[in-house]
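Fold and geometry: a report
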Protein chains: 2
Amino acid sequence: MVDNKHSHIVVLGAGFGGLEFCKDFQDPNTRITLVDRTNHHLFQPLLYQVATAGLSAPDIAQPIRSILSGQPNLTVLLDNVVDFNLAKKQVILTGNTLDYDYLVLALGGRTSYFGHPEWERFAPGLKTLEDALRIRSQVLMAFEKAETEPTPDAHEHLMTIVVVGGGPTGVEMAGACAELTRHVLKADFQRIDASEARVILIEAAPRILGNLPPELSASAQRQLEHLGVQVRTSTKVKSITQGRVDLENGETIWAANILWAAGVSATPLTKKLGVPLDRAGRVVVNPDLSLPGHPEVFAVGDMALVLGPDGNPVPGVSPAAMQMAKHTARIIENELAFQGAVARPAFKYWDKGTMATIGRSAAVAKVGKFEFSGFLAWMAWLVVHLIFLVGFRNKIAVLFQWFYSYITYKRGARIITNPPCRLEGTAPTVSIGTGEKPA
Amino acid sequence: MVDNKHSHIVVLGAGFGGLEFCKDFQDPNTRITLVDRTNHHLFQPLLYQVATAGLSAPDIAQPIRSILSGQPNLTVLLDNVVDFNLAKKQVILTGNTLDYDYLVLALGGRTSYFGHPEWERFAPGLKTLEDALRIRSQVLMAFEKAETEPTPDAHEHLMTIVVVGGGPTGVEMAGACAELTRHVLKADFQRIDASEARVILIEAAPRILGNLPPELSASAQRQLEHLGVQVRTSTKVKSITQGRVDLENGETIWAANILWAAGVSATPLTKKLGVPLDRAGRVVVNPDLSLPGHPEVFAVGDMALVLGPDGNPVPGVSPAAMQMAKHTARIIENELAFQGAVARPAFKYWDKGTMATIGRSAAVAKVGKFEFSGFLAWMAWLVVHLIFLVGFRNKIAVLFQWFYSYITYKRGARIITNPPCRLEGTAPTVSIGTGEKPA
């Protein structure tokens, strides 16, 4: 298809998909340019631990250049994608235009509010390090504010955390928040009793962790309730405003801390591709993961919609992104080696299992036909996350933090920093208010 | 003077002075209220390592509540000091007014631009975690930008770091920046050679580290130059604008990264006390550290001016702040125990020594009559800083980071996050520009 010596692959995004492609692609004569809007690969599965003061931001982030410094055929650019010109085989960046022979789209997803972008202001999602640091500061700050407020009403408002969405992220956030208030903050305040904080997990479906078998959902709910989390299934959110969640059943929950873990959609950049998208903005790719009408363009990970062996869409999880990246690498390597005209196999997703952690010695996991919960699932979760966390330093640092927290019931990153500015114009800062609740 | 059972001490600031007072004050019947504008004690001597990507922010910050949780007579408030009413014995906070019997002022200092506040915008100082994270992001971002710029002129501009001020902070910053560019970033870029970055340390006096004996200053300069730092003594800054330093000798240095380590003044809150201040805004305290005319108010640390045994002002270093805090604690304990009317001894500063680190195995130190430089001084510096770093977790985490960096020549916190917003209205964000230099 193209001359090997001069082939240029552009990879957009250094998440699990983009990074795996770059590490896995074998032909050293092909130039690769990897573009990301940050300088680091973020290990998103542990982001909730940064948000709940268990880990430092650098513990789960690794400089992209550092990870890939051994590959002389690879250039890393820190830049934003602005637009595509698929007809001319070009990607337009803020400071540059790149010509490609192959394009690998691995731009991931973002928090989705199901047509209610105005909720973002009051219920931040958790996709970036900035999100995590903002949530950490906000929750810790609410307890500081409660300590200075005189009325029980204000205490209750400030010490209520609502997590919307009972998928793995929501379950992990709710469990971690409950442990933070009950174990970590409990001893440190005088006027308030932080262990009286309410953590409420809201899920629209009849059970949490809908991707797992019903008995594991039930186990997860029991484990959460044991930690003090109120789990409310079959409960739909009608509206979210400052410090307030209104439910469809007419009930109102006053909460200074509202965290959104209910939805993910693909990056809005997919709209610029001019190809069919699903409702979540994902690119409906061919079975080989290429874009309809553009065999030289592939989409992998959270921004791609492809069906798994069970006929359901492949889930937006990191193993799926990595498998798609490997599949794409094999196709491109083959075509370059045989100068094109090679049959392309269809992508086959291999589901390695699903797990979610709830707290100390509390988790659920499904691996093949085996289902675990409690301590065994928790140990499995720890080991898997340490193995996949990128970077030796980070593995050791995280292992130490976990060991320290397990022994002492403390958290190592309990610091409030000023909220980082969002560089995009749209997103708001989150403020804490108690003034809205009627007396 | 006041009734023991109902005495209330208000301590403002949880830096080295304020924290030491709270830990050291022995009378459990006296109520203490400690106020700080952050929730953490910051170990400022290692702040430059956060700025140069060696350490994570939480490694050098410890929650104040956590440090003092064993003291039931002590309340911690996260709040800002707005004003004082010394006549009524009141401190006015944003959300509260506190009555006190004794007041301990330990509000520390801030970066001073010697009457040129407009320079702050272009040459950030290093006093808070937010400062450190901003500098880290800015310097790393400049190298990322250099990688995408085509012209050698732009490379040179983006890869030049000017540190203004040759005291310990400036020396440590310059050394750490040189190591960052020469060892850490060197391998990771393709279009630029990060080891060609220029680091220039500018000092107005004839030698750096003016507080140390001349032979140690000379040694420090040699060690810096060995790392590739250009040390320019007897060099005065005339003006600083975006990406540009103009010197009094007429020379102009173009540098995308200008860091300010030249001056510290006391918190501007001292102006609200209505007592005599020196030029740096420090309170000119009595020999017992109390304020003139206010025996129940004490000032300790960087905001207090008191003379040492050599007739010079006691320097603004953490051991001095801690000694002043202990002195104040003894005076107040005595007066409460004997119901006032006890003679107050004068504060005596015991100079334990001075040290500054320059890089791997490179440092200078003076302890009593002994002077060290090189590896021995560096080991002494490491040990002293680990001992005084607050928190067991932090000691282990920092020890691991240092060991890791020493072995691998890598840095564990090389991540760019969006610049944090300053909450104060005055301070600017720092942008990187290459456009100003004439072609």
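Scope of this entry: the structure provided in the associated data block. (Residues numbered from 1 in each chain as written. Chains lettered and ligands numbered in written order. Predicted model: local features only at pLDDT ≥ 70, side-chain atom pairs only at ≥ 80, totals over all residues. Heavy atoms only, no water.)

1. Observations concerning helix H9 (residues 375–388) of chain A
All names here are of chain A. The following threshold applies: Put simply, DSSP H or I for four residues or longer makes a helix, DSSP E for two residues or longer makes a strand, and each gets a number counted from the N terminus. Expected helix span is taken as 1.5 Å per residue step, with the number of steps being one fewer than the number of residues. Each residue gets one of three labels from its accessible area relative to the maximum for its type: buried under 20%, exposed over 50%, partly exposed in between, using a 1.4 Å probe on protein chains only. Working note: the arc is built from the helix axis to C-beta atom directions. Contact between two residues is taken to exist if any of their heavy atoms lie within 4.5 Å; hydrogens are not considered.
The end-to-end C-alpha distance of H9 is 20 Å, a good match for the 20 Å that 14 residues give at a rise of 1.5 Å each. Listed in full, the buried residues belonging to H9 are Ala-377, Trp-378, Trp-381, Leu-382, His-385 and Leu-386. Taken end-on, H9 shows its buried residues confined to a sector of 165°, consistent with a single buried face. Turned more than 90 degrees away from the buried face of H9 sit Leu-376 and Ile-387, all of them exposed. At its buried positions, H9 is contacted by helix H2 (47–51), helix H6 (168–184), strand E23 (354–359), strand E24 (362–367), strand E25 (370–373) and helix H10 (392–408).

2. Considering the sheet that holds strand E1 (residues 8–12) of chain A
All names here are of chain A. Our working definition: At least two bridges found by DSSP between two strands are what make those strands a pair. To get an axis, a line is fitted to the C-alpha atoms, and for a helix only the part in contact is used. The angle between two axes follows their N-to-C directions and goes from 0 to 180 degrees.
Pairing is mixed across the open sheet formed by six strands, whose spatial order is E5-E2-E1-E9-E21-E20. The open sheet is flanked by strand E5 (74–78) and strand E20 (290–291), the only strands paired with a single partner. Along the sheet face, helix H8 (residues 318–337) touches E1, strand E9 (102–105) and strand E21 (294–299) and points at about 175° away from the line of E9.

3. Structural notes on the pattern of salt bridges
Formally: Salt-bridge detection follows one rule: a side-chain nitrogen of Lys or Arg within 4 Å of a carboxyl oxygen of Asp or Glu.
Summed over the entire model, instances satisfying the criterion amount to 32 salt bridges over all chains. Here A:Lys326 makes a salt bridge to A:Asp24, at a shortest N to O gap of 3.6 Å. Here A:Lys326, found in helix H8, pairs with A:Asp24, found in helix H1 (residues 16–24); they are 302 residues apart in sequence, far enough to count as distant. The partner of B:Lys326 in a salt bridge is B:Glu20, and the shortest N-O contact between them spans 3.0 Å. With B:Lys326 in helix H8 (residues 318–337) and B:Glu20 in helix H1 (residues 16–24), this pair connects stretches of sequence that are 306 residues apart.

4. Topic: the packing of aromatic side chains
All names here are of chain A. Stated precisely, the cut-off is as follows: Two rings from Phe, Tyr or Trp (for Trp, the six-membered ring) form a pair when their centres are within 6.5 Å of each other. A pair whose planes differ by under 30 degrees is stacked, one over 60 is edge-to-face, and the rest are tilted. Working rule: Lys NZ or Arg CZ, within 6 Å of ring centre, within 35 degrees of ring normal, means a charge sits over the ring.
What the rule picks out here adds up to 18 aromatic pairs over all chains. Judged by centre distance (6.2 Å) and plane angle (65°), the ring pair of Phe-114 and Trp-260 falls under edge-to-face. Taken together, the residues span a long stretch of sequence, with Phe-114 in the loop between strand E10 (109–111) and helix H4 (129–148) and Trp-260 in strand E17 (residues 257–260) at a distance of 146 residues. Looking at Phe-114, the relative accessible area reads 55%, which means it is exposed. Consider the rings of Trp-381 and Trp-402, whose centres lie 5.6 Å apart with planes at 40°: the pair is tilted. Note that Trp-381 is positioned in helix H9 and Trp-402 in helix H10, a separation of 21 residues in sequence. Residue classification places Trp-381 among the buried residues on the basis of a relative accessible area of 1%. We classify Trp-402 as buried; its relative accessible area is 14%. Joined through ring pairs, the aromatic side chains of Tyr-113, Phe-114, Trp-119 and Trp-260 make up one cluster. If you follow Arg-360 out to its NZ or CZ, it ends over the ring of Tyr-406, 4.4 Å from the centre.

Function cannot be read off these values alone, since they describe shape.
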